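Report on the structure
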Amino acid sequence: MKHGIHPVSRPVVFRDRSADFAFLTRSTADSAKTVEWEDGNTYPVVDVETSAASHPFYTGTARVLDTAGRVERFQRRYGSPASDARG
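Now for a look at the structure at hand. (Residues numbered from 1 in each chain as written. Predicted model: local features only at pLDDT ≥ 70, side-chain atom pairs only at ≥ 80, totals over all residues. Heavy atoms only, no water.)

This part takes up the pattern of salt bridges. On inspection of all chains with the given rule, the structure shows 3 salt bridges. As a salt-bridge pair, Arg 15 and Asp 47 come within 2.7 Å of each other at their nearest N and O atoms. Of this pair, Arg 15 sits in strand β1 (residues 10-16) while Asp 47 sits in strand β4 (residues 42-48); the two residues are 32 residues apart in sequence, bridging distant segments of the chain. Taking the shortest distance from any N to any O, the salt bridge between Asp 47 and Lys 33 comes out at 2.8 Å. Here Lys 33 lies in the loop between β2 (21-27) and β3 (34-36) and Asp 47 lies in strand β4, a separation of 14 residues in the sequence. A residue is classified by how much of its surface remains accessible, and Asp 47, at 28% relative accessible area, is partly exposed. Each of Arg 15, Arg 17, Lys 33 and Asp 47 takes part in salt bridges that share partners, so that together they form one network. (Salt bridge = Lys/Arg side-chain N within 4 Å of Asp/Glu carboxyl O. Helix = DSSP H or I, 4+ residues; strand = E, 2+ residues; numbered from the N terminus. Buried < 20%, exposed > 50% of the residue type's maximum accessible area, 1.4 Å probe, protein only.)

What follows is the structure in structure tokens.
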């Protein structure tokens with residue numbers, strides 16, 4: 001690899017404000033805001049809107065849509081399509 005062309009990877013805290021959840025990982029993201037972590041060190045903090053702690057797919061609150069039921073309900077309500085008159 002060429003020296004000096006890659007961004008610096010450092011420990012960064014990502015904080016999900018909506019779920020009151022934070023985790024420490026390595027990243028190239030940088031922030032002017034800092035936070036003191038559980039180990040007593042100060043790290044840059046990046047606030048995110050969604051993480052695994054708040055996303056419906058990961059929390060199990062996601063709804064599954066029944067598209068087949070919707071099509072059947074539409075056909076019952078409005079009937080089958082009319083036969084094509086293009087002869």
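Moving on, we get to unusual backbone geometry. Positive phi, normally seen in glycine, also occurs at Asp 20, with a value near 50°. Its place among the elements puts Asp 20 in the loop between β1 and β2. Classification of Asp 20 as exposed rests on a relative accessible area of 73%.

Looking at where Asp 16 falls in the secondary structure, it is placed in strand β1. As a buried residue without a salt bridge, Asp 16 has its nearest oppositely charged side chain in Arg 17, at a separation of 8.4 Å. Every residue in contact with Asp 16, bar those within four places of it in the chain, is listed here: Phe 21, Val 48, Glu 49, Thr 50, Ser 51 and Ser 54. (Lys, Arg positive; Asp, Glu negative; His and termini not counted. Contact = heavy atoms within 4.5 Å.)

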